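Report on the structure
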Amino acid sequence: MSEQTAQRVPPSPVPDPSTRAFWDAAREGTLLIGRNIRTGRVHYPPRPVCPFDDEGEVEYVPASGKGTIYTFSIMRAKTPYVIAYVELAEGPRIMTNIVHCDMAALQVGQPVRLTFVDSEAGQPIPMFTPLED
């Protein structure tokens, strides 16, 4: 697939009290990650308990929106799409989609930037697109 294809519209998330802040920030164009206040260690997805250390309070902080493709796969569905792990500049890896791209030109290690794609019900979903040269 050497050219851009139709854009897949992702299903809508179902926020709960523990994810509400994340989805509210997404509506404002911000990707949140979690950070342990005591250790400074960051994680994704953000959650109230640090996955590395059960001590220390977790705060939600904005990510820079910069990253690189760690791995990816082209899903050959009715509307093809790219699923990937992106390693954020801050360290955590996020499972996401790569959008607005030439699927055939994607490479592991390629720099990407944050973008948001509206879900079926309009909730913006954080995704990534290759950086322009």
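Here's a quick rundown of the structure.

The rules behind these values
Residues numbered from 1 in each chain as written. Predicted model: local features only at pLDDT ≥ 70, side-chain atom pairs only at ≥ 80, totals over all residues. Heavy atoms only, no water. Salt bridge = Lys/Arg side-chain N within 4 Å of Asp/Glu carboxyl O. Helix = DSSP H or I, 4+ residues; strand = E, 2+ residues; numbered from the N terminus. Buried < 20%, exposed > 50% of the residue type's maximum accessible area, 1.4 Å probe, protein only. Phe/Tyr/Trp six-rings, centres within 6.5 Å; stacked < 30°, edge-to-face > 60°. Lys NZ or Arg CZ within 6 Å of the ring centre and 35° of its normal.

The next thing to look at is the pattern of salt bridges. Scanning the model with the defined rule gives four salt bridges in all. Between Arg-35 and Glu-59 there is a salt bridge, and its shortest N-O distance comes to 2.7 Å. A residue pair is termed long-range when its members are at least 10 positions apart, and Arg-35 in strand E1 (residues 32-36) and Glu-59 in strand E3 (residues 58-62) qualify at 24 residues. We classify Arg-35 as partly exposed; its relative accessible area is 31%. The salt bridge involving Arg-38 is made with Asp-53; its shortest N-O contact spans 2.2 Å. Of this pair, Arg-38 sits in the loop between E1 and strand E2 (42-43) while Asp-53 sits in the loop between E2 and E3, placing them 15 residues apart in sequence.

Time to look at the packing of aromatic side chains. The description of two aromatic rings rests on the distance between their centres and on the angle between their planes. A full pass over the atoms with the stated rule returns two aromatic pairs. Ring centres of Phe-22 and Trp-23 lie 4.8 Å apart, and the angle between their planes is 85°; on these two criteria the pair is classed as edge-to-face. On the basis of relative accessibility, which here comes to 9%, the residue Phe-22 falls in the buried class. Over the ring of Tyr-81 we find Arg-8, and its NZ or CZ is 3.9 Å from the ring centre. The aromatic ring of Phe-52 is capped on one face by Arg-41, whose charged end is 3.7 Å from the ring centroid.

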